[in-house]
Every structure is written in C-alpha cells, then in structure tokens.
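Listed below are the residues making up each chain.
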Amino acid sequence: RARQKAQRYPEAADAYAQSLAIKQDDRTFGLLDGVLKETAFFLIPYVGRGADSDDNKVTRWGLEGDWQLTERSRLGLHAERSDVSDPFSSGTADEFAFIARWWPRSLLNLEGLAGVAQLQADTPGQSVTNHPLARLRLRWRSPGDGPGMELRFTEQPLIATPGLVAQPVELTEVKGSVEVPLLGSLRARARWKVENLARG
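This report concerns the structure included in the present document.

The rules we used
- Per-chain numbering applies: the sequence of each chain, read as written, is numbered from 1 onward.
- Whole-chain, interface and lining totals are the exception, using all residues; otherwise, since this is a predicted model, local features are given only for residues with pLDDT of at least 70 and side-chain atom pairs are given and counted only at 80 or more.
- Heavy atoms throughout the structure, all of them, feed into the side-chain values; hydrogens and water do not.
- Two rings from Phe, Tyr or Trp (for Trp, the six-membered ring) form a pair when their centres are within 6.5 Å of each other. A pair whose planes differ by under 30 degrees is stacked, one over 60 is edge-to-face, and the rest are tilted.
- The way it works is that DSSP assigns letters per residue, a run of H or I at least four long becomes a helix, a run of E at least two long becomes a strand, and they are numbered from the N terminus.
- With a 1.4 Å probe rolled over the protein chains alone, any residue whose accessible area is under 20% of its type maximum counts as buried; one over 50% counts as exposed, and the rest are partly exposed.
- Each helix should span, by expectation, one fewer than its residue count multiplied by 1.5 Å.
- The patches reported here contain residues having more than 30% relative accessible area and no salt bridge. Joining distances are 9 Å for like charges and 5 Å for nonpolar side chains (Val, Leu, Ile, Met, Phe, Trp, Tyr).
- To be clear on the numbers: accessible area is Shrake-Rupley with a 1.4 Å probe, and residue cover counts the displayed protein chains and nothing else.
- The working definition used for a salt bridge is a side-chain nitrogen of Lys or Arg within 4 Å of a carboxyl oxygen of Asp or Glu.
- Here, a strand pair is defined by DSSP locating no fewer than two bridges between the strands.
- Lines fitted to the C-alpha atoms define the axes, with helices restricted to the stretch that makes contact. Angles between their N-to-C directions range from 0 to 180 degrees.
- Residues belong to one nonpolar core when they are buried, are Ala, Val, Leu, Ile, Met, Phe, Trp, Tyr or Cys, and are joined through side-chain atoms within 4.5 Å.
- Any two residues whose heavy atoms approach within 4.5 Å are treated as being in contact.

Right, let's talk about the packing of aromatic side chains for a bit. Following the criterion strictly, the structure yields 1 aromatic pair and no others. An angle of 35° between the planes, with centres 6.3 Å apart, marks the rings of Phe 41 and Trp 67 as tilted. Taken as a pair, Phe 41 in the loop between α3 (26–38) and β1 (42–51) and Trp 67 in strand β2 (residues 57–70) lie far apart in primary sequence, 26 residues in all. Phe 41 sits in the exposed class, given a relative accessible area of 52%. Judged by its relative accessible area of 35%, Trp 67 is partly exposed.

So, in structure tokens, the structure goes:
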C-alpha cells in the first residue's frame, strides 16, 4: 500500500501478487486489480470553451494518451486544436507534443511536455508559424509534514485572440513555491514568478 500511495504501481502490483501467492484474499485481489489499471494505457479526450468581454472566443479540444514506460515513468502524446475567433476574424492553433512523467523517488515527481505549436490566421496569404511548446513541473516534499518545494517552467505562444494568432507573442514563465512547517498545523509558503513576453 505504501508503494501504491507513492504511485509506484508496478512495484505495488508485484507486492500484491506475492501476497496473493502466499494467501488468497479478496481485498488484496481488489488492490492488485486497482494498481494494474493504473499501469494500463490511458487515452483522455477533453474539450473546453471560453470567452471574454471583448467577444473573443476560444474552443479547445484534444487527446492525451500515455503508457507505462518503466516502473517509475510514463510516456505519452498530446494533441490539441484551438479555434479562436472574434466578430471579425478567426484563427487556429494546433499543438503536438510528447509528455512524460518520472518519479525516481516517492517524494520527488517530475512532469514534462515538449513539442511544437502551429498557428494559422484566416488572413489571406498568412503563412503557418511554428513555435516551441514546453512545460516542466518539479515537485518535492519531505516525509511527514516536512517542507516542500515546487518549480514550474512554461514556454508557449499566447492563444487568446485572433490578433495573437496572426501576430504571435511567446510567453516564457518560471515560477516556484517553498512551503515550510512552523508550529503545529501552521505552515508558511513563499511564492515567486518571472515572466517574459516576446514577439514570436
């Protein structure tokens, strides 16, 4: 159960299987079935829609799928289409990327995405532009109620209006947080963020 809680599902499955070999138990069998499902191939479709006060509308839909690569890592693919419009113009953005997750230790988790975003405005003669797409998230937490840390990095084009599709602006962002225990259940958290916007 400790391995399952640490998301080390293949190792948890081996432990449950060894337990069942010693003694058959319905509860252990159910736990084994649960962790085997966690190691299976996942395919997740999603869709979303948003709008702002200037009547800019964004509709997103896509697929993400991943599978168990090693005992402590998963690898997958990300594909997404965004339709952006206002009362006078429109554009599209397509994202294609690899996604990965790695937890070398039960208290350390690393998630990443790397690929490309293709932007196309409906303006006649407008060519497709390619932009880097990257996201990284590192999380660490000490045992029990000890300190924790999170660090995130993002590089992507802004996709909110047709104007930003026609004249892309790339966002580079780094942000992090540190949390430490004080007295009893009282904890202190510090956050910071650095952003840079540049013409794509």
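Still more ground to cover, so stick around.
Looking now at helix α2 (residues 9–22). An α-helical segment advances 3.6 residues per turn. Residues three or four places apart therefore align on the same side. Compared with an ideal rise of 1.5 Å per residue, which puts 14 residues at 20 Å, α2 spans 20 Å between its outermost C-alpha atoms and is within 8% of the ideal. Residues of α2 that are buried include every one of Tyr 9, Pro 10, Glu 11, Ala 12, Ala 13, Tyr 16 and Leu 20, and no others.

All right, on to a nonpolar patch on the surface then. Side chains of Leu 107, Trp 140, Met 149, Val 178, Val 180, Leu 182, Leu 183 and Leu 186 sit close together on the surface and give an oily, nonpolar patch of about 720 Å² of accessible area. One can find Leu 182 in the loop between β8 (169–181) and β9 (187–199).

Moving on to unusual backbone geometry. For Asp 55, which is not a glycine, the phi torsion comes out positive at approximately 70°. If you trace the backbone, Asp 55 turns up in the loop between β1 and β2.

The strand order across the open sheet built from 9 strands is β1-β2-β3-β4-β5-β6-β7-β8-β9, with neighbouring strands paired in antiparallel fashion. Single-partner strands in this sheet number two, and they are β1 and β9. For this sheet, the mean angle separating the axes of adjacent strands, direction not counted, is 10°. The pairing of β8 with β9 spans 13 bridges and is antiparallel. Bridge pairing links Glu 173 to Glu 195 in β9.

With that settled, the discussion passes to the nonpolar core. Core analysis: the biggest nonpolar cluster contains 8 residues, these being Val 58, Val 84, Ala 93, Ala 117, Leu 119, Ala 121, Ile 159 and Val 165. Not counting residues up to four positions away in its chain, the partners in contact with Val 84 are Lys 57, Val 58, Ser 89, Ser 90, Gly 91, Ile 159, Ala 160, Thr 161, Pro 162 and Val 165.

Along the polypeptide, Thr 154 turns up in strand β7 (residues 148–157). Take Thr 154: its relative accessible area is 14%, and that puts it in the buried class. Ignoring sequence-local partners within four residues, the contact set of Thr 154 consists of Ala 134, Arg 135, Leu 171, Thr 172 and Glu 173.

As a further point, take the pattern of salt bridges. Taken as a whole and judged by the stated rule, the model has 12 salt bridges. Linking Asp 66 and Arg 74 is a salt bridge whose minimum nitrogen-to-oxygen distance equals 3.1 Å. Exposure class is identical for Asp 66 and Arg 74. Each is buried. For Glu 111, the salt bridge goes to Arg 139, with nearest N and O atoms at 3.1 Å. Here Arg 139 lies in strand β6 (residues 129–141) and Glu 111 lies in strand β5 (residues 108–121), a separation of 28 residues in the sequence. Within this structure, Arg 141, Glu 179, Arg 187 and Arg 189 form a network of salt bridges that share partners.

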